[in-house]
Amino acid sequence: MNFKQLGIIDPILKAVEELGYETPSEIQLEAIPYLIDNRDLLGCAQTGTGKTAAFAIPILQKLSKTKVAKPAPIRALILTPTRELAIQIEESFKDYGKYLPLKCISIFGGVSQKLQVEKLNAGADIVVATPGRLIDLHNQGLIHFDELNVFVLDEADRMLDMGFVNDVKKIIKMLPTRRQNLLFSATIPNEVKAIVSGLLNNFVTITVTPNSSTVESIEQSLYYVDMANKQKLLNSLLKKEKIESALVFCRTKHGADKIVKELLKVNIKAQAIHGNKSQNARQLALSNFKSREIKVLVATDIAARGIDINELSHVINYDIPNIPETYVHRIGRTGRAGLSGIAISFCMFDEFEYLKDIEKLIGQKIPVVENHDFPLQIRVATPKAVRQPRVKPKPKLVVPKDGNKGVKNSFKSSPKQGISKANGAAKKSFRPKQFKHK
């Protein structure tokens, strides 16, 4: 089935075709007809499944059917957790609505509100916003939702992880009661279920699991390595392999900064994004990566979630994730839209159990690569090389001359000494009764 068969209007079809999209993804195929029919929807879908287009296209089509006075009032609100996501969703709306007379803007914190307020005053049919700035502008009386008829809560689980649950509830209370509601989330924990019950009415649920399709379209490989050689291995791969762009995943913020520092030492252009970076710094790093100003972007899972990078050639798991689904989310950032992609993972001794869980989830063994052909002498560890715990020798049984076999000791001593602290058998020395002085 193609987009035209979904009932998409010609201006949107033309824009979609120019973007190179030929057939809808699973989430688009299932969601668009319901959304065009004005149904509320719960979408359980990961990043990379095409969910932004799944809600953007029907929203654009719905708004295009009604003419409004100028300046245009806000008729669709998309709430998202981060500035990066807000900007990307805004860009998507502009791409799909290229041939429609609709305006979309994004508003977020970390920058002056002046320009954003000017855009609001000039009219905006669609607003993509982060919670903090949206509440702030509403409290100042600078933003109104009287004409709103579509509300989208995107990345709901991440919104709650970042502590926005109370802000989300406040925003929902600001909105008119008669509206179409859409909620998208990668997972549906109890907190998300609670929001669903109070937000959605007579809704349809669509669940898309990209595990099999994502994994099958990506070339995966695994290197066993110890901590002392991980950075050397990364440097060698980035220099030896034909890698155009690599998204490197690291478990900690400090680790991400350290990796970047070491890459810069060997003249590999890299930047990091994580929670301790300012919004401007994260956006600059992402922009530099997309424009190929830098070759490597090092990220933590929280910072990278929702980032959509076209034609990403490699994903490298510097640290194996401890949650198997996270592995699928990470590698799913490459190999999108039918393109080939490569995912490389480093695994240390203490990550073997994580690896087993990942292979169980994806239903296949990740091929192990021997890196003996690298110019650097890198010691690569395999599971067989895991050191076994040292077994302490059993203490020798010392038999006193009188035949008493009740005293064990690791060294010979006179009966009067008894058992000392030295062999850890007792905290205080004692003398057996049979050796009591008369």
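This is a predicted model, so every value here is computed, not measured.

**Details of the sheet that holds strand β9 (residues 246-249)**
Thought 1: Taken in spatial order, the six strands line up as β8-β13-β12-β9-β11-β10 in an open sheet, and their pairing is parallel. If you trace the sheet from one side to the other, it starts and ends with β8 (218-224) and β10 (270-273), each paired once. Taking the axes of each pair of neighbouring strands and ignoring which way they run, one obtains an average angle of 20° across the sheet.
Thought 2: Here β8 runs beside strand β13 (residues 341-347); their pairing, made up of seven bridges, is parallel. Directly across from Gln220, in β13, lies its bridge partner Ala343.
Thought 3: On the sheet, helix α11 (residues 227-240) packs against β8, β9, β11 (296-299), β12 (314-317) and β13 and is oriented at approximately 160° with respect to β13.
Thought 4: Running over the sheet, helix α16 (residues 352-362) touches β8 and β13 and is turned about 160° from β8.

**Description of the sheet that holds strand β1 (residues 41-44)**
Thought 1: Pairing is parallel across the open sheet formed by seven strands, whose spatial order is β3-β4-β2-β5-β6-β1-β7. Since the sheet does not close on itself, it has two edges, and those belong to β3 (104-107) and β7 (204-207), each with one partner. Between one strand axis and the next, the sheet turns by 15° as a mean value, whatever way the strands run.
Thought 2: When strand β2 (residues 76-79) meets strand β4 (residues 126-129), the two strands line up parallel, connected through four bridges. Residue pairing across strands places Leu77 opposite Val127, the latter belonging to β4.

**Considering the confidence of the model for the protein chain**
Thought 1: Residues with a pLDDT of 70 or more make up 79% of the protein chain, whose mean pLDDT is 82.
Thought 2: Of the regions scoring below 50 in pLDDT, residues 384-391 engages in two contacts with residues more than four places distant in sequence or in other chains.

**Overview of the pairing of β7**
Thought 1: Only one face of β7 is buried: it carries Val204 and Ile206, and the other face, with Thr205 and Thr207, is open.
Thought 2: The pairing of β1 with β7 spans four bridges and is parallel. Residue pairing for β7: Leu41 is matched across the bridge by Val204.

**Details of helix α3 (residues 51-64)**
The α-helix winds at 3.6 residues per turn, so residues separated by three or four positions along the chain end up facing the same way.
Thought 1: With 14 residues, α3 extends 20 Å between its outermost C-alpha atoms, agreeing within 8% with the 20 Å of an ideal straight helix rising 1.5 Å per residue.
Thought 2: The buried count for α3 comes to eleven of 14 residues, which makes it a mostly enclosed element.
Thought 3: Here α3 has its buried residues at Lys51, Ala53, Ala54, Phe55, Ala56, Ile57, Pro58, Ile59, Leu60, Gln61 and Leu63.

**As for the packing of helix α2 (residues 26-36) against α3**
Think of two packed helices as two axes; the pair is described by the angle between the axes and how far apart they sit.
Thought 1: Running from N to C, α2 and α3 cross one another at 25°; their axes reach a closest spacing of 9 Å. It follows from the interaxial angle that α2 and α3 lie roughly parallel. Here α2 and α3 pass one another in a crossing that is right-handed. Touching Ile27, Gln28, Ala31, Ile32, Leu35 and Ile36 of α2 are Lys51, Ala53, Ala54, Phe55, Ile57, Pro58 and Gln61, all from α3.
Thought 2: When the residues that make up the contact of α2 with α3 are grouped by side-chain class, the tally is ten nonpolar, two polar and one charged.

**Some details on the nonpolar core**
Thought 1: Of all hydrophobic cores here, the largest spans 40 residues; its most connected members are Phe55, Ile57 and Phe93.
Thought 2: By residue number, the principal contributor to this core is α3, which donates eight residues.
Thought 3: Apart from the residues within four sequence positions on either side, Phe93 is in contact with Phe55, Ala56, Ile59, Leu60, Ile78, Cys104 and Ile126.
Thought 4: Formed by 34 residues, the second largest nonpolar core is a distinct cluster that contains Ile74, Ile143, Leu160 and Val196.

**Overview of helix α6 (residues 131-139)**
Thought 1: Listed as buried for α6 are Pro131, Arg133, Leu134, Ile135 and Leu137.
Thought 2: Contacts from the buried residues of α6 go to β2, β3, α5 (114-122), β4, α7 (156-161) and α8 (165-174).
Thought 3: Gly141 occupies a position one or two residues after α6 and carries a positive phi of about 75°.

**Some points on the environment of Asp146**
Thought 1: Within the secondary structure, Asp146 is located in the loop between α6 and β5 (150-153).
Thought 2: On the basis of relative accessibility, which here comes to 68%, the residue Asp146 falls in the exposed class.
Thought 3: In this structure the C-alpha to C-alpha distance between Asp146 and Ile74, which are 72 residues apart in sequence, comes to 8.0 Å.

**Overview of the packing of aromatic side chains**
Thought 1: The tally for this structure, following the rule as stated, stands at six aromatic pairs.
Thought 2: Ring plane angle 55° and centroid distance 5.9 Å describe the contact between Tyr318 and Phe346, whose orientation is recorded as tilted. Taken as a pair, Tyr318 in the loop between β12 and α15 (324-331) and Phe346 in strand β13 lie far apart in primary sequence, 28 residues in all.
Thought 3: One aromatic cluster in this structure is built from Phe55, Phe93 and Phe184.
Thought 4: The residue whose ring lies beneath Lys14 is Tyr99, and the NZ or CZ to ring-centre distance is 4.4 Å.

**Brief notes about the side chain of His314**
Thought 1: Note that His314 resides in strand β12.
Thought 2: With a relative accessible area of 5%, His314 lands in the buried category.
Thought 3: A polar contact of 2.9 Å, which involves the side chain of His314, links it to the side chain of Ser313.
Thought 4: Aside from chain neighbours lying at most four places away, what touches His314 is Lys242, Ile243, Ser245, Ala246, Leu247, Thr334, Ile342 and Ile344.

Quick notes on the rules
Residues numbered from 1 in each chain as written. Predicted model: local features only at pLDDT ≥ 70, side-chain atom pairs only at ≥ 80, totals over all residues. Heavy atoms only, no water. Pairing = 2+ DSSP bridges. Helix = DSSP H or I, 4+ residues; strand = E, 2+ residues; numbered from the N terminus. Axes fitted to C-alpha atoms, helices over the stretch in contact; angles between N-to-C directions. Contact = heavy atoms within 4.5 Å. pLDDT = per-residue confidence, 0-100. Buried < 20%, exposed > 50% of the residue type's maximum accessible area, 1.4 Å probe, protein only. Expected span 1.5 Å × (residues − 1). Parallel < 35°, antiparallel > 145°, perpendicular 65-115°, else oblique. Left-handed = near helix turned anticlockwise from the far one by under 90°. Nonpolar A, V, L, I, M, F, W, Y, C, P; charged D, E, K, R; others polar. Core = buried A, V, L, I, M, F, W, Y, C linked by side-chain atoms within 4.5 Å. Phe/Tyr/Trp six-rings, centres within 6.5 Å; stacked < 30°, edge-to-face > 60°. Lys NZ or Arg CZ within 6 Å of the ring centre and 35° of its normal. Polar contact = N/O pair within 3.5 Å; in protein donor to acceptor, adjacent residues only side chain to side chain.

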